[in-house]
Amino acid sequence: MSSTAMKKKVLLMGKSGSGKTSMRSIIFANYIARDTRRLGATIDVEHSHVRFLGNLVLNLWDCGGQDTFMENYFTSQRDNIFRNVEVLIYVFDVESRELEKDMHYYQSCLEAILQNSPDAKVFCLVHKMDLVQEDQRDLIFKEREEDLKRLSRPLACTCFRTSIWDETLYKAWSSIVYQLIPNVQQLETNLRNFAQIIEADEVLLFERATFLVISHYQCKEQRDAHRFEKISNIIKQFKLSCSKLAASFQSMEVRNSNFAAFIDVFTSNTYVMVIMSDPSIRKCPTEQKHIHTGRTALITTRLFVCFFLFQHLQQLSSTSVMLGNTLRSWSGWTAPSTACTCECASSLPPPPPPRIPPSANQSTARRRHVADSQLQ
Amino acid sequence: MATRIECIFFSEFHPTLGPKITYQVPEEYISRELFDTVQVYIITKPELQNKLITVTAMDKKLIGCPVCIEHKKYSRNALLFNLGFVCDAHTNTCALEPIVKKLSGYLTTLELESGFISNEESKQKLLPIMSTLLEDLNATGACTLPIDDSNTIHLKLIQLRRDPPIVQEYDVPVFAECKDLYIKSQWDLTTQQILPYIDGFRHIQKISAEADVELNLVRIAVQNLLQVLIYFGVFYHFFQYSNVYCTTPKVQSLIDDKSIQEECLGYVTKQGQKRASLRDVFQLYCGLSPGTTMRDLCSRYSQQLQRVDERRLIQFGLMKCLIRRLQKYPVKVARDERSRLPRLYTGSHSYDEICCKTGISYQELDERLENDPNIVICWK
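Residues numbered from 1 in each chain as written. Chains lettered and ligands numbered in written order. Predicted model: local features only at pLDDT ≥ 70, side-chain atom pairs only at ≥ 80, totals over all residues. Heavy atoms only, no water.

- Naming follows an unreviewed UniProt entry, where chain B appears as NPR2 like, GATOR1 complex subunit of Kryptolebias marmoratus.
- Recorded in UniProt under Sequence similarities (unreviewed entry), the annotation for chain B is "Belongs to the NPR2 family." (UniProt positions renumbered as here; feature names shortened; annotations may be inferred.)

- With an unreviewed UniProt entry as reference, chain A is termed Ras-related GTP-binding protein, source organism Kryptolebias marmoratus.
- UniProt's Catalytic activity (unreviewed entry) comment on chain A is quoted here verbatim: "GTP + H2O = GDP + phosphate + H(+)".

1. As for unusual backbone geometry
Here comes step 1: At the junction of arginine 153 of chain A and proline 154 of chain A, the peptide bond is cis and its omega measures out at 5° in the coordinates.
Here comes step 2: Mapped onto the elements of the fold, proline 154 of chain A is located in the loop between α5 (137-152) and β6 (157-161).
Here comes step 3: Despite not being glycine, methionine 58 of chain B has its phi angle at roughly 50°, a positive value.
Here comes step 4: Checked against the element boundaries, methionine 58 of chain B lands in the loop between β3 (53-57) and β4 (60-64).
Here comes step 5: Judged by its relative accessible area of 41%, methionine 58 of chain B is partly exposed.
Here comes step 6: Even without being a glycine, aspartate 212 of chain B presents a positive backbone phi close to 60°.
Here comes step 7: Among the secondary structure elements, aspartate 212 of chain B is positioned in the loop between α6 (204-211) and α7 (215-228).
Here comes step 8: Taking the relative accessible area as the measure of exposure, aspartate 212 of chain B reaches 65% and is therefore exposed. (Helix = DSSP H or I, 4+ residues; strand = E, 2+ residues; numbered from the N terminus. Buried < 20%, exposed > 50% of the residue type's maximum accessible area, 1.4 Å probe, protein only.)

2. Regarding the sheet that holds strand β1 (residues 6-14) of chain A
Residue and element names in this part refer to chain A.
Here comes step 1: If you trace the 6 strands from one edge of the open sheet to the other, you get β2-β3-β1-β4-β5-β6, paired in mixed fashion. Strands with a single pairing partner mark the edges of an open sheet, and in this sheet they are β2 (45-52) and β6. Neighbour to neighbour, the strand axes of the sheet diverge by 20° on average, direction disregarded.
Here comes step 2: Sheet analysis places strand β4 (residues 85-93) next to strand β5 (residues 121-127), joined by 7 bridges and oriented parallel. Within β5, the position partnered with valine 87 by the bridge is lysine 121.
Here comes step 3: Seen against the sheet, helix α2 (residues 67-74) touches β1, β2, β3 (56-63) and β4 and runs at an angle of roughly 130° to β1.
Here comes step 4: On the sheet, α5 packs against β4, β5 and β6 and is oriented at approximately 160° with respect to β6. (Pairing = 2+ DSSP bridges. Axes fitted to C-alpha atoms, helices over the stretch in contact; angles between N-to-C directions. Contact = heavy atoms within 4.5 Å.)

3. Thoughts on the pairing of strand β9 (residues 252-255) of chain A
Residue and element names in this part refer to chain A.
Here comes step 1: Side-chain alternation along β9 places Met252 and Val254 on one buried face and Glu253 and Arg255 on a second face that is also buried.
Here comes step 2: As paired strands, β9 and strand β10 (residues 260-267) are joined by 4 bridges and run antiparallel to one another. Counted as the bridge partner of methionine 252 is isoleucine 263 from β10.
Here comes step 3: Linking β9 back to β10 in an antiparallel pair, the connection comprises 4 residues.

4. Focus on the nonpolar core
In summary, soluble globular proteins display a tendency toward joint burial of nonpolar side chains.
Here comes step 1: In this structure, Leu11, Met13, Tyr73, Phe82, Tyr106 and Leu148 of chain A together with Leu62 of chain B are the most contacted members of the largest nonpolar core, which totals 52 residues.
Here comes step 2: Those residues in contact with tyrosine 73 of chain A that sit more than four places away from it in its chain are Met13, Asp44, Val45, Cys63, Gly64, Arg78, Ile81 and Phe82 of chain A.
Here comes step 3: Counting residues in each nonpolar core, the second largest holds 47 residues, with Phe160, Tyr170, Ala172 and Ile176 of chain A among its members. (Core = buried A, V, L, I, M, F, W, Y, C linked by side-chain atoms within 4.5 Å.)

5. Some words on the confidence of the model for chain B
Residue and element names in this part refer to chain B.
Here comes step 1: The pLDDT averaged across chain B works out to 83; a share of 88% of its residues lies at or above 70.
Here comes step 2: Per-residue pLDDT, averaged within each element of chain B, yields its smallest value for strand β10 (residues 233-236) (48) and its largest for strand β1 (residues 7-14) (95).
Here comes step 3: For the stretch residues 230-236, pLDDT sits under 50, and the model shows 28 contacts to residues farther than four places along the chain or on other chains. (pLDDT = per-residue confidence, 0-100.)

6. Looking at helix α10 (residues 278-286) of chain B
Residues and elements named next belong to chain B.
Here comes step 1: Asp280, Val281, Leu284 and Tyr285 are the residues of α10 that are buried. Relative to the axis of α10, the buried residues are bounded by an arc of 135° and lie together on one face.
Here comes step 2: In the core, the buried residues of α10 are packed alongside β11 (244-247), α8 (253-256), α9 (258-268), α11 (294-300), α12 (310-319) and β12 (323-326). (Arc of directions from axis to C-beta.)

7. Comments concerning the pattern of salt bridges
Close approach of charged atoms allows side chains with opposite charge to pair.
Here comes step 1: Applying the stated criterion across every chain, the model contains 24 salt bridges over all chains.
Here comes step 2: Notably, a salt bridge pairs arginine 4 of chain B with glutamate 6 of chain B, separated by 3.8 Å at the nearest N-O pair.
Here comes step 3: The class of glutamate 6 of chain B is partly exposed, set by a relative accessible area of 24%.
Here comes step 4: The partner of lysine 328 of chain B in a salt bridge is aspartate 366 of chain B, and the shortest N-O contact between them spans 2.9 Å. Separated by 38 residues along the polypeptide, lysine 328 of chain B in strand β13 (residues 328-332) and aspartate 366 of chain B in helix α14 (residues 362-370) bring together distant segments of the chain.
Here comes step 5: A relative accessible area of 8% places lysine 328 of chain B in the buried class.
Here comes step 6: Salt bridges sharing common partners tie together Lys15, Asp67, Glu98 and Lys101 of chain A. (Salt bridge = Lys/Arg side-chain N within 4 Å of Asp/Glu carboxyl O.)

8. Some words on the interface of chain B and chain A
Here comes step 1: Listed as interface residues are 16 residues of chain B and, on the opposing side, 15 residues of chain A.
Here comes step 2: Each partner contributes to the roughly 1,300 Å² buried at the junction of chain B and chain A, and carbon and sulfur atoms together form 47% of this total.
Here comes step 3: Per-residue buried area on chain B facing chain A is highest for Lys45, Arg76 and Asn77 of chain B; these three make up 39% of the total on that side.
Here comes step 4: Our count for the contact surface shared by chain B and chain A stands at 1 salt bridge.
Here comes step 5: Our enumeration of links across chain B and chain A arrives at 10 residue pairs in polar contact (both at pLDDT 80 or more).
Here comes step 6: For the side of chain B that touches chain A, the secondary structure elements donating two or more residues are β1, β2 (18-25) and α1 (32-42) of chain B.
Here comes step 7: Of the residues in the side of chain B that touches chain A, the class split is 6 nonpolar, 6 polar and 4 charged. (Buried area = accessible area lost by both parts, 1.4 Å probe. Polar contact = N/O pair within 3.5 Å; in protein donor to acceptor, adjacent residues only side chain to side chain. Nonpolar A, V, L, I, M, F, W, Y, C, P; charged D, E, K, R; others polar.)

Okay, structure coming up:
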């Protein structure tokens, strides 16, 4: 692998207020959804360099969507903005009342991309889906997707429905960064080999900072096709909760009578999650070296989970319940309550006072409802 | 050259439209093209906010101060605006800068107190305010703006006459002409309070102590006076009989220039005495030389000093650069831990400065340093 970093330019565009900066803060800057409420408008283009998997650098161009800026992007700044683009992510606010105007700007972007970066991959995110009634979501998304695919020709676009309040955000961004990883095929091959050697049911590989799933292996189909992004979402939230209390999440083991799941650091830039349906797998203090890739495979290790006080434990148990539910759907088993194995070490500094819930406006209330239902 | 303001604009960040010009007088002065070119310096990213920014483009100079007020009540959590001036690109706009800064401060306060700008109705009052500003500042260089029942803004264009020197605590301000000519009421309160103490003998620190005004305020007030008044001399001068002066080549002008002669003789004559003679005064000046203290001068030339006030003699000579003062600058030449205040003994700090900064008297300092084998005294 080259020692110099590989830079990939990612354009993040869309109408003003559509949610671009919020998404970027959650995925790359450790914001939780609630924090994004405090963000101000993006003035012109905000550049950020995100280190990903060691020596891949994502050069994110978060482009403010107000009319004055958009007009500038297509005229005086055209070359500067649209050259050398690897990925264009265009964000649509599903609630927008100006569909024609949105489409007009989108098409202007595509035109500029076709002229300057014809090989760029285009992703369309239909965002703020939590504001749509649950039973309508699939339908509305399908409609939008059809329109967008049609409008985008001759360019191909991949569409996702997203919301910062659930796992759909992680699904979209996982797919996007997956396209940017240069040796991702090899990664998948190695992961498969590894999984087969240890006879795991499923193995997930996460990028360490963002917890986006970058590769996975499964030996058979499972019921919940959205389990990967749900895990991303849950673990990331938990990791952030830990760090807010000056603890750092390192690993987790969840087991019941039917399966065991292990999440731990894998390489300097990744985490791995291994699901074993052989319940007799026990803790093993040794490490096994993986023959082919030379990477260290940690089947299990002594658990060193850094959450200690009761509130933490509560959080853990709710997290493990979430995980348990997700994992249960994996296997279709109706297992009894998930036992949670963890080791507790000595005390931490006292937890901060509970946060005062923000005043609810209507859309906020709806969003909160969605978020809470996830915890059932 | 007068500073002519061509246009005053008020720009805002609109949540969906982005940066735009809400008001400008005269209308349509700033072209679409010009605004597109400079808008990123008018409604700026956070790093440039609340700073005075001057940008020149397309033969125009725009001076503004972008303001950002953060609060969750605003759409997108912040209010961004900028009230600025447009001048021709070749205009010297220094005099406008404090006004732009002041205006941004006033508008910020008005918004924080009563939502002046975010309220659409009251925002409209900006337009007549901007018209008045443009007219008055161009016509008279000053403007008084009643904003509402309780708020009035006063602005004045200060034409700077020279780079204001930094006024130090040990400087002595003096009025070169009779200070009664300056109407007291036209000055701010601080200046009014210190005016009686400006007599050419009290230095800044002393004025601060006796007038009971904070040192920094006195400094700023004197600096302000320096900028504004035509005749005003500030120089570091601590009159003591141990001071040493020497003439400069300019002393010749006392002979050559009749007007300086007149001015001098009028200034240096002792109160209640017959006018001093040029001969005496010239002799006194020429008697000043390196090594001669004022004490020496007074004893040697006691006859000439009968009608001459030696303090005013020195003052006049300094003001007109006929003479200059020789100061003692201590320089440390060897490493010696026992000496106190080593950082001041570099050859750049005069006795005056050291005394003022440390509060030691001249005699005490002199005693200390003259006896210190590691210190060399430089006269310059």
